[in-house]
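Tertiary structure, described
Each chain, written out:
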Amino acid sequence: MLKVTNVRKSFGDLEILKGVDLDVNQGDVAAILGPSGSGKTTLLRCVNFLEQADQGTMVFDGESFEMGRVSRKDIARIRKKTAFVFQGYNLFLNKTALQNVTEGLIVARKMPKDQALEIARRALDKVGMGDRTDHYPSQLSGGQQQRVAIARALATEPEIIFFDEPTSALDPELIGEVLAVMRRLAEEGMTMLVVTHEMNFARTVSNKVIFMEHGLIVEQGDSREFFANPREERTRAFLRTVSGYAGRE
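Sequence positions are assigned chain by chain, starting from 1 and proceeding in written order. Per-residue local features of the predicted model are confined to residues with pLDDT of at least 70, and side-chain atom pairs are confined, for both listing and counting, to 80 or more; whole-chain, interface and lining totals are unaffected and use all residues. With hydrogens and water stripped out, all remaining heavy atoms of the structure feed into the side-chain values.

**As for the nonpolar core**
The biggest cluster of nonpolar side chains holds 42 residues, and the ones touching the most others in it are Val148, Ile150, Leu154, Ile161, Phe163, Met182 and Met192. Strands are runs of DSSP state E lasting at least two residues, helices are runs of H or I lasting at least four, and both sets are numbered from the N terminus onward. The set of elements that each furnish at least two residues to this core consists of β6 (82-85), α3 (97-108), α4 (113-126), α5 (142-155), β7 (160-164), α6 (172-187) and β8 (192-195). If we skip the residues at most four places from it in the chain, Ile161 touches Ala83, Val85, Ala153, Leu154, Met190, Thr191, Met192 and Leu193. Among buried residues, the Ala, Val, Leu, Ile, Met, Phe, Trp, Tyr and Cys ones that are joined through side-chain atoms within 4.5 Å form a nonpolar core. When a residue's accessible area, from a 1.4 Å probe over protein chains only, is under 20% of the maximum for its type it is buried; when over 50% it is exposed; and in between it is partly exposed. By size, the runner-up hydrophobic cluster in this structure holds 30 residues, among which are Met58, Met67, Ile160 and Leu193. In this analysis, two residues are considered to be in contact whenever any of their non-hydrogen atoms come within 4.5 Å of each other.

Below is the structure:
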């Protein structure tokens, strides 16, 4: 479904991505793990062209794109099939939950208002926010705002959703409600690529884990195998730090 090869990205003299290869199949829930500064978010943003890679090839839905010189028209076509959930919600503060979900449908996709409202209400119901449609972001908790952001992503009926640390801005007691929504989406077969620090989510919900450091993928594979028998010492050291890993040495 999605394959990127030799993705490179620098900011000035600082090389952030140093030749990353990644495959995501339909129905995958792929978790990208790694220490801060490893290039996780930059990779995610390059894959959705929020940042333009300096180099790399993408194959998406059977089409091939040169990531360093992709056209705006092609970016627009790719984004119609994808959605992005930010760690900071990115909601319009002057619009209700319902309006936040319908805005892109009506303005960007030229959808009739009645149809957009129907889709938006359905998406908000799906994330447990059907009783908060008329609430503004200031009237919602962080977890509720993030669920509205997920509803906005779902409303576009994407083939894949990119999540950039969707729980990192939340208080600990609110994390669970967002992860529960993501778990339900995974059970329904939604394809997701998720940058996360939530080890339990990576272990129990994702089927594939990618571990990055210094702009490279150190290890990737089946989630259960990754946590039970990591191949690389650097992976084992990371897991000991973040989740009390006590596997083989």
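**Describing unusual backbone geometry**
In this structure, Asp61 is a non-glycine residue whose phi angle is positive, near 55°. Inspection of the secondary structure assignment puts Asp61 in the loop between β4 (55-60) and β5 (63-66). Judged by its relative accessible area of 33%, Asp61 is partly exposed. A positive phi angle, near 55°, is found at Lys110, a position not held by glycine. Inspection of the secondary structure assignment puts Lys110 in the loop between α3 and α4.

**A short note on empty space enclosed by the protein**
Cavity means a closed set of points on a 1 Å grid over the protein atoms alone, one where a 1.4 Å probe fits but cannot get out, pocket means an open set with protein on both sides within 12 Å along at least 5 of 7 lines, and lining means a residue has an atom within 4 Å of a point. Grid points are joined across faces, edges and corners, and a volume is the space filled by probe spheres set on the points. All told, the structure shown has one cavity of 30 Å³ or more when counted by the stated rule. What the largest cavity holds in volume is close to 40 Å³. Contributing to the lining of the largest cavity are Phe60, Asp61, Glu63, Phe65, Arg77, Ile78 and Lys81. Where the lining of the largest cavity is concerned, the elements lending two or more residues are β5 and α2 (72-79). Throughout, the ten residues Ala, Val, Leu, Ile, Met, Phe, Trp, Tyr, Cys and Pro are labelled nonpolar, Asp, Glu, Lys and Arg are labelled charged, and all others, Gly among them, are labelled polar. Here the lining of the largest cavity is built from residues that sort into three nonpolar, no polar and four charged.

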